[in-house]
Each structure stands twice: as C-alpha cells, then as structure tokens.
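# Structure at a glance
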Amino acid sequence: MKKGLVIGKFMPIHKGHIALINFALTHCDEVTISMSFTEHDPIHREHRIGWVKEIFQGNPKISIQVVKDDFDQEELPWSERIKIWVPFVKSRYPHANVIISSEEYGPLLAKELAINHILFDPSRIRVPISATQIRENPFQCWDYIPKEVRPYFVKKICFYGPESTGKSFMAKRMAEEYHTEFVPEVAREMVSSNDFTVEDIISIGQAQTARMLEKLKDANKILFCDSDLITTQIYSHHYLKEIPLVLYEWEKQMSYALYFLFDIDTPWVQDGLRDLGNRREEMLVVFRNELERRGIAYTLVKGNWLERERIVKREVDKLLS
C-alpha cells in the first residue's frame, strides 16, 4: 500500500493545499496530514485543525495529526534541517512510504528516509498562492481562500447608537452595496414590547451572537452588524437595572474592525417598540461613553442620508484597500 505523508502548517489552509492533498489522495491508498504548530503562530492551531477537519470530513483515506514544532531550526539550510526532521518523521510516522509536497524539502527528506517522493506543482502554476500572501492581504487573495476559512478573515462592522438613527436601513443598504451579508437587530424578532425579563435579554444576546456566526459563513470580506452585545447590555441596564454577566462573556467573543456611532440628527420615528424619543441626547451619551470606556475607536455618522452614506463608504473602502 502507498501510505502518503503531507506536511504543513496550513496557516491558513488554502486552495493550493487542498489541491496538493487531493493530488496525494489520487496517488496513495491513505494519506496522513501532519500539521505542525508553535505557541507563537499568528493563527492558532485550533482554528487550523478545525478547518482541515471540516474540509476533509468523512474521507476514510485521510488521517490528521497535530504535532508541536519544537525541534526545527528554520535559520539552518535545508540540508541541515532535514537531519533534524528525519528522526522525528521516523518515530511519528513510521508507516509513511511516500512524501507528497511542493516544497524544496520534499525530495531531500524522502531521500534521507529512503522512501518515495511525489512532486506537486512546485512553481505554484496551478494555484498561485501562499499562506503568507493570504495572511498579509486576505482580501486580495479572497478567491484562493476556502469557504470554511473565509469567516476567520471577514471584517465585522458595527452600526451602533440610539434608536431611530438609521442603523437598520444603513446595514441593509451597505450589504447591497458591497455584495455581502448583514446581521439584523435580532431583538426585534423576539420581543414585541419593552416589558421583558433577564431571561429574555440573555436569549436575545445568545441569538444575536448565533446570528452573527451564521452570517459570517456567507459574508463577502465584510459583515455589517445592526447591533452588538454592548447595545444589549445598555438596554438591559436601562430597562432591567441589571446586566447578566454572560453578556460580557459573549461580548469578548466578538471584535469589530469598525464602529460607526450614529448621531441623533435624524427624525425620531415611532414604530411600536421605540419609547425613548424624549431621551435621545441622554442615550447618545450612554452609547458613546460605553465605547470610550472600552477604548474602542469609532466614526461618528451624522448629516443627511447621502452624507451618512458617504462617511460609511469612505471608512469601509479604506478597510477593504
């Protein structure tokens, strides 16, 4: 039997890696994917192993191994590094009798191990990409990033501020403009009045977080969000005079590339749920203070509709470029 070995950091796994592994599967009876990591990697190993497992889930020919890279010395030439690799590979993968790679080390390692080597697209002609290029500029490399990996690189943008300031409309409008998804304010789907309980507010926070994770899967580079967990906390404190601790935990799980604080220089419109029309200035201060208390930078969105849209697009275009 041909028992193949594919070695990599997969930081992140990209379509070139996938092509390499699929190539290995056509030449081997079984394939071991060896993913190495260090404690200082720019992408945590849990993300990377999760992507590899998701992409190749259910394939009985594949075995995935995660190994700590505490033996390699990258400052050495390959001729010396290979001598360090050989005892590790022999002890960890004694069954391997074929190495499949696109790298310089492949044939050198195979020769030292006295096993076969199969070379795949060493010039990166089929899939002209590297993990380093993706990490440095994921948006320019978007087409080479698998759908399972893209959510990691999506930039989340939060439209934030008091009620009746145009956040919902702007989220939908910008999602259309940039051909991507938006996350609505889920609370509006769950409550019909402002008479709710702590259990209700926890359910709202949980649902808002879950909706964002769901939308991330289909987002195109950026994701517009018409609420966040800080907003949930603000309304919890306003109406219930308490904030469940779990809302802070969920807040820590979500970071945003941009915050837009929407000013109150718009007409207040009653929609059956809003009831703070006479306290708009007070609520704007509350919203702004929560950002400043956390040290979160923000862009103030004000003016007429065209001016507001121009402000948002200017900052989003900077992010994309």
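The preceding data block contains the structure.
Below is a short write-up of the structure. (Residues numbered from 1 in each chain as written. Predicted model: local features only at pLDDT ≥ 70, side-chain atom pairs only at ≥ 80, totals over all residues. Heavy atoms only, no water.)

### A look at the overall build of the chain
Let me state the cut-off plainly: Secondary structure is summarised from DSSP: a helix means a run of H or I of at least four residues, a strand means a run of E of at least two, and numbering begins at the N terminus for each. Only C-alpha atoms enter the radius of gyration, while the globule expectation follows 2.2 Å times N to the 0.38, with N the number of residues. Using a 1.4 Å probe, the Shrake-Rupley method yields the accessible areas, and only the shown protein chains count as cover for residues. His is not counted, nor are the chain ends, whereas Lys and Arg count as positive and Asp and Glu as negative. For this purpose, a charge sits on NZ of Lys, CZ of Arg, CG of Asp or CD of Glu.
When you go through the chain residue by residue, the secondary structure sums to 13 helices and ten strands. A compact globule built from 321 residues would reach a C-alpha radius of gyration of about 20 Å, whereas the chain, at 25 Å, exceeds it by more than 25%. Taking the principal axes of the C-alpha coordinates as reference, the chain spans close to 80 × 40 × 35 Å. Counting only carbon and sulfur atoms, one obtains 49% of the accessible surface of the chain, whose full area is about 16,400 Å². On the chain, the mean spot of the 43 positive side-chain charges and the mean spot of the 47 negative ones are 4 Å from each other.

### Considerations on the sheet that holds strand β7 (residues 181–183)
For clarity, the cut-off: Strands qualify as paired when DSSP identifies two bridges or more between them. Note on geometry: axes are C-alpha line fits, over the in-contact stretch for helices, and angles between N-to-C directions span 0 to 180 degrees.
On the basis of which strands lie adjacent, the open sheet formed by five strands has the order β7-β8-β6-β9-β10 and parallel pairing. With one partner strand each, in any of the chains shown, β7 and β10 (299–301) form the two edges of the open sheet. Across the sheet, the axes of successive neighbouring strands diverge by a mean angle of 25°, strand direction being ignored. Relative to strand β8 (residues 222–225), β7 is paired through three bridges, and the arrangement is parallel.

### Re the packing of helix α3 (residues 78–92) against helix α4 (residues 105–113)
The line we're drawing: Roughly parallel means an angle under 35 degrees; roughly antiparallel means over 145; roughly perpendicular covers 65 to 115; every other angle is labelled oblique. Note on convention: the crossing is left-handed when the near helix lies turned anticlockwise from the far helix by less than a right angle, right-handed when the turn is clockwise. Contacts: residue pairs with any heavy atoms within 4.5 Å of one another. All residues other than Ala, Val, Leu, Ile, Met, Phe, Trp, Tyr, Cys, Pro, Asp, Glu, Lys and Arg, Gly among them, are scored as polar; the first ten of these are nonpolar and the last four charged.
Interaxial distance between α3 and α4 falls to 9 Å at its minimum, and their mutual angle equals 55°. One element, α3, and the other, α4, form an angle in the oblique class. When the axes of α3 and α4 are compared, the crossing they make is right-handed. Where α3 approaches α4, its residues Trp-78, Ile-82, Trp-85, Val-86, Val-89 and Lys-90 are matched on the opposing element by Tyr-105, Leu-108, Leu-109, Glu-112 and Leu-113. Within the contact of α3 with α4, the residues separate by chemical class into nine nonpolar, no polar and two charged.

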